[in-house]
Amino acid sequence: MLPSLVDSHGDVPGPVRAVTLAAAITVFTAGTSRADVEDTMVLELREEIRVNVPGATGAFSVDPTVAEVSAESGRLLVIARGVGTTTISVITATDVVVIPLRVAPLPPHDVVAQTQAASRTWTLWQSNYESSSARLMNSVEMVDGGEQRTWRAYALNALELAERPAGDRDERSSMPALALEWRTPQAELVAFDKLIEHSALTLDGMTVRGGHVRVGGLDLHAGVTSPVLYQDVFLSTRRETVLGASYEVVRGSSSLTPSVYGYPSAPQTGGTRGAVGSLMYRYRSPEDHLQLRSELGWGGELGAAADLTYQDSTQRAWINARHEPRGFAAIGGNRPLGSIIDAVWTRESQKLLDINLAGTAAHYQTGPIDQDVATTTAELRFRLPRRLVASAGASVGRFRSEPADAIYSISAPAGLHYEGKQFGMSAIYRYQANSARNRGGHGGRLAIRGTRDALRLSGFVDVQQEAATVELILKDQPVLAKLLNDLGLTASTPDDLARLLRENSALAQLGYADSATLNFNPWRAQANAELAWMPNDAAKRQLRLRVLLDRTQTVGKQQDTLSAGLSYQQRFGSAIEASAQLSWWARDELMTARTDTWSIAAALSVRIDRVPSLRARGSRVIDGVIVDPNDGQTPVAGVTVRLDGTRAAVTDRAGHFSFADVEGGDHDVAADAPANSYFVSPQRVTTRAGGSVQFHVARLHTSVSGTFRDDVGAGIMGVTIVFRSSTMSVPVTTDSNGAFRVALPAGDYVVEPQLASFPMGYDASALAASPLRVLADSPVRLRFRAPALRSLAGTIHVVAGQTATIKIVENGLVGVVDDQGRYVFRDLAPDRYTVEATIDGRHMRRVVDVPAGPASIREIDFPR
Amino acid sequence: MKRFAIVAAIMLSAGAAAADGLSLSPAVVPLGGKPGQSTQQRLSLSNTTSQALGFKLVAEDVVVKDGERVFVAAGDERGSIAATAVFSQSTITVPPHEQRSVDVTITLPAKMTNRAIVVLFQGTTRINTGATVALGSLITFELAGRLSISPGELHIQVPTASTNALFTIPIANDGTEPAVVRGAAAILDDKGVIVGKIALEQRRLLPGERNVLRSDYPRTLASGSYRVVATVECFHRSWTRMATFQVP
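Predicted model, so just to flag it, every value in this text is computed and none were measured.

Rules and cut-offs
Residues numbered from 1 in each chain as written. Chains lettered and ligands numbered in written order. Predicted model: local features only at pLDDT ≥ 70, side-chain atom pairs only at ≥ 80, totals over all residues. Helix = DSSP H or I, 4+ residues; strand = E, 2+ residues; numbered from the N terminus. Buried ≥ 20, exposed ≤ 12 C-beta atoms within 10 Å, placed from the backbone. Contact = placed C-beta atoms within 7 Å. Core = buried A, V, L, I, M, F, W, Y, C linked by C-beta atoms within 7 Å. Nonpolar A, V, L, I, M, F, W, Y, C, P; charged D, E, K, R; others polar. Pairing = 2+ DSSP bridges. Axes fitted to C-alpha atoms, helices over the stretch in contact; angles between N-to-C directions. pLDDT = per-residue confidence, 0-100.

Notes on the overall build of chain B
- Along the backbone of chain B there are 0 helices and 20 strands.
- For chain B, the proportion of its 248 residues judged to be buried stands at 38%.
- Pairs at least 24 residues apart make up 65% of the contacts formed inside chain B by residues separated by at least 6 positions.

Examining the overall build of chain A
- Check the secondary structure of chain A and you find 3 helices and 61 strands.
- Looking at the 864 residues of chain A, the share that counts as buried comes to 29%.
- Once local pairs closer than 6 in sequence are excluded, the contacts in chain A between residues at least 24 apart make up 54%.

Thoughts on the nonpolar core
- If you look at the biggest cluster of nonpolar residues, it comprises 110 residues, and the most contacted ones within it are Ala-59, Leu-76, Val-78 and Val-90 of chain A together with Ile-117 of chain B.
- If we skip the residues at most four places from it in the chain, Val-90 of chain A touches Val-53, Ala-56, Ala-59, Ala-71, Leu-76, Val-96, Val-97 and Ile-99 of chain A.
- By size, the runner-up hydrophobic cluster in this structure holds 18 residues, among which are Phe-825, Leu-828, Ile-857 and Phe-862 of chain A.

Brief notes about the interface of chain B and chain A
- Opposite the 39 residues of chain B that make contact, chain A presents 55 residues.
- Going through the elements one at a time, strand 1 (5-7), strand 16 (179-188), strand 17 (194-205), strand 19 (224-234) and strand 20 (237-247) of chain B are the ones with two or more residues in the side of chain B that touches chain A.
- Looking at the side of chain B that touches chain A residue by residue, the class counts come to 20 nonpolar, 11 polar and 8 charged.

Regarding the sheet that holds strand 16 of chain B
Residues and elements named next belong to chain B.
- The 4 strands are arranged 17-16-19-20 in an open sheet whose pairing can be described as antiparallel. Whereas interior strands pair on both sides, the edge strands pair on one side only; in this sheet they are strand 17 and strand 20. Here the average twist between neighbouring strands, direction ignored, is 15°.
- Relative to strand 20, strand 19 runs antiparallel, the two being bridged by 11 bridges. The residue bridging Ser-225 from the neighbouring strand is Gln-246, located in strand 20.

Focus: the sheet that holds strand 52 (residues 747-753) of chain A
Residues and elements named next belong to chain A.
- A sheet is described by the order of its strands in space; here 4 strands give the open sequence 50-49-52-53, paired in antiparallel fashion. This sheet does not close on itself; its edge strands, each paired only once, are strand 50 (729-733) and strand 53 (770-774). Strand-to-strand, the axes of this sheet are offset by a mean angle of 30°, without reference to chain direction.
- Sheet topology note: the strand 52/strand 53 ladder contains 5 bridges and is antiparallel. The residue bridging Gly-747 from the neighbouring strand is Val-774, located in strand 53.

Brief notes about the confidence of the model for chain A
Residues and elements named next belong to chain A.
- Taken residue by residue, chain A gives an average pLDDT of 78. The fraction at 70 or more is 79%.
- Confidence over residues 1-38 falls short of pLDDT 50; this stretch has 76 contacts with residues more than four positions distant or in other chains.
- Scored below 50 in pLDDT, residues 108-119 makes 2 contacts in the model with residues more than four places away or belonging to other chains.

Overview of the pairing of strand 19 (residues 254-263) of chain A
Residue and element names in this part refer to chain A.
- By the bridge criterion, 4 bridges tie strand 17 (residues 240-247) to strand 19 in an arrangement that is antiparallel. Of the residues in strand 19, the one forming a bridge with Ser-246 is Ser-259.
- Summarising the sheet, strand 18 (residues 249-251) and strand 19 pair through 3 bridges and their orientation is antiparallel. Counterpart to Val-250 in the pairing with strand 19 is Ser-255.
- Adjacent in sequence and paired antiparallel, strand 18 and strand 19 are bridged by 2 residues, among which Gly-252 carries a positive phi angle near 60°.
- Pairing of strand 19 with strand 21 (residues 274-284) involves 10 bridges; the strand directions are antiparallel. Paired with Leu-256 across the bridge in strand 21 is Tyr-281.

Examining the environment of Lys-111 of chain B
Residue and element names in this part refer to chain B.
- Examined against the element boundaries, Lys-111 turns out to sit in the loop between strand 10 (98-107) and strand 11 (116-123).
- For Lys-111, a count of 7 C-beta atoms within 10 Å translates into the label exposed.
- Residues Lys-111 and Arg-78, spaced 33 residues apart in sequence, show a C-alpha to C-alpha distance of 8.1 Å.

Describing the confidence of the model for chain B
Residue and element names in this part refer to chain B.
- For chain B, mean pLDDT is 85; residues scoring 70 or higher make up 92% of the total.
- Per-residue pLDDT stays below 50 along residues 1-19; that stretch engages in 49 contacts with residues further than four places along the chain or on separate chains.
- The ipTM, which scores confidence in the relative placement of chains, is 0.75 for this predicted complex, and the corresponding pTM is 0.46.

Notes on unusual backbone geometry
- Cis peptide bonds are those with omega within 30 degrees of zero, and the linkage from Ser-25 of chain B to Pro-26 of chain B qualifies with -5°.
- Notably, Asp-827 of chain A is not glycine yet its phi reads approximately 55°, a positive angle.
- By the secondary structure assignment, Asp-827 of chain A is in the loop between strand 58 (822-826) and strand 59 (831-839).
- Positive phi, close to 60°, is recorded for His-236 of chain B, a residue that is not glycine.

Rendered as structure tokens:
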């Protein structure tokens, strides 16, 4: 006869949840005397639960201040009133079920994240036109995601609208990106493009067009790759073949991955034909403090790579090293060959001092470039009062490009920063010197940022004497030069060059850059300003104006580069987003020529949370039913249900509706509220083709409220009243003021105060079930009264032969004295009473205060 | 919620001492610890009479003999706890309508034989009746000993015209540590319906002490058969007792 849980019902006031009753239930039979209880039912303060206890007719708790309980018809109601522990005794016809209970304090209030799960099924169409390249890009992406599997289709078409130069045989239309993907947690199948980031010695961030399979730890790739995206419709003529296979074995926090990658075709964009065999080891500590990746491989030459990251709450260290000598088998454009080591250590303190140390040493052997770069940077940031930060640092660099001699440079900045919430400012002084000039120069940078409502302003001015500037010597292609400028691919220090070559080595491989040179400019200035207006509205509007000026002065010339851009973007509804940009770029070189270019760009994207069905029409159905859960799951007929707001169906007598020929993906199903009813389940749900939906509606309810008070008008808390009709049973419990309120549909009810739910000390015997008719729109008010039990008892000590009487003077109430002199007065109202005992004509009096609450006053005794 | 208050002739010998216009708090100080540990407790005496009252401070051991509490002078028992009590002042005078506090520091001896002391405020000023008053605070100590109580059977005194129904359960603390025992009972009619619920008076039992959990039901019961289910709890454990009675 163990209790079982039942679902909590929504008509119970206050928080309700189901709890697990552990094996803490002990059944006593008459005469059983003891139980050791090990597990406990745990409730939170003010929580209410209902538990099925077959045969239960009544229940009580040892400490009603911890929990109020009542039982009726095999159902136990437990209301957590106060923090503490107690025992609940549930009474059946023959047994007692004992349930230990602990009421825990409420947990700290958490801010519930109001996040709405984004749909994982969508179709996104985007179109983009850019006038300087005269290129129109159109893409469509369809994703149909689920817990266990996801498929995705993506296609990007580029259409060249400009007249092609004579002899240019590239196609006007090309497919730079194309993918069809199917994924599960265990497997993956991709046709066409996949970005492969396998390892440092094989492919690391290279898109391969072909076929890709993953099953467990096995990865297979076969296809071609090319950095030239817009050359042909489907396959670039400058492509290289890639074949790759790897298998990862995972043991705990470590894994071992042997790999073989082959590049059998003749190099088209740099690189080396051949094959690479490698073995990679990976380790990740349980809390991700430490991550290690190391790889050893042979690709005609011996190569090695290692990547170590450590981080905790205050510091982070990172070391990356790679050695791939010229001749090591590699795909061109993937990354520069050579020997490279980077190291960074950062320590952040919330209170005082931040430290940032970084170093790079690299010997690049890629394309026509054969250079050594080495830099070391140290930066300290001191946190001062009033949001001020002071910074100081030093950077030392070495740059050598064969066959020239090495050049050394040093930079020492120091600055003061203000980091306010709406305003920030930074002023930095910098001294730079290099060995080529054998002298140094002063410089500095002033930067500000500010925010006011929707406006944001930021800008900087940077000036430097004796500036050492590294730049790629680009071929005469203005469009490419502007593109690089827009992308910020201007190397101004050896550090920048190291980064640029690593990330954009295809520029050199493709022949866009002849080489990189180091320039020494007597004077260089850069200024940038950006003003943005971004109101935080649903349309996500953004208006941005950006201006960038770069002036470089050398001995022989002065070059000004100015670019400006004005852009605006806005969302229309939840599906459409549009943006437009106007750009102007100019370069003015004294003594030479001036170039300027206007361009416009416009983009439009449309997203809908569904995908077209890939199956034949008529093969999929969405159906459902609408019922009234408060009325025995009665079907509700005649309700209009809408699918995606475009199709409608009406429920039949069984409350059933159905939509046939439903496309794949997510669908919105919504029901109209029927007359005099409302929804007790979500009115709108999202489901997929083949899904079944259930809506719950209930009839409009009438308010029924009332009070339970004692004989002096004080409210009685914790009394349960059940409103029972032919189809439903609604319990409600009085609050600390003895009040209750419930909403009931119109109809005839029987009101049953649950005597077992009364707290100790009240006489509820006069309360009986009574009929109640609830009419629509006619609120009902009920009043119940249960007097508090108060008694006054004692003993009159008499000897044999003496007679004694007892009475209360104020009301003349006479008590019965038994042969042992005992008496009791019951049903007393709260008051001060004079109790008078008379023994053989001798009167004795005692004054007793009877309180307002329940009281059993004893030992009001009278001596002989 | 209103609790079912039992207003009885008050105060056990070591309970919260109270007299007209005098109150001592706290009345009971339950402590846990280990031998060798010290504790300091502050006791406050409030005098709402119209005369200044003087008191002498005394600590006595509370031991259990034949199931009942007995106060023993400090040092008379081996392992006396009261003998370690040190007061911040040995006497105190509380002016009319004022409150005064005394700190008492107690060190648990290595071999304790009892688990409680009483700190007595013994009056030195005669009040109007010519008598003196004494108030006491009970301080109990729970060590890592054996926790055990033994509830007896449920006894019922049938209600009459001159007495309420009375329910009693004898309790014995047969463990080595103090125990606080409480309980409740339900009265069911012959149909199994609860007609009344009552709380059993809470008892604090020292090791070896015996007492009775009791409660009366202050309502007239109609003639018929009744069943009483009582649950007693202590040390997060519970015991259930049942009995029947007949109202003629």
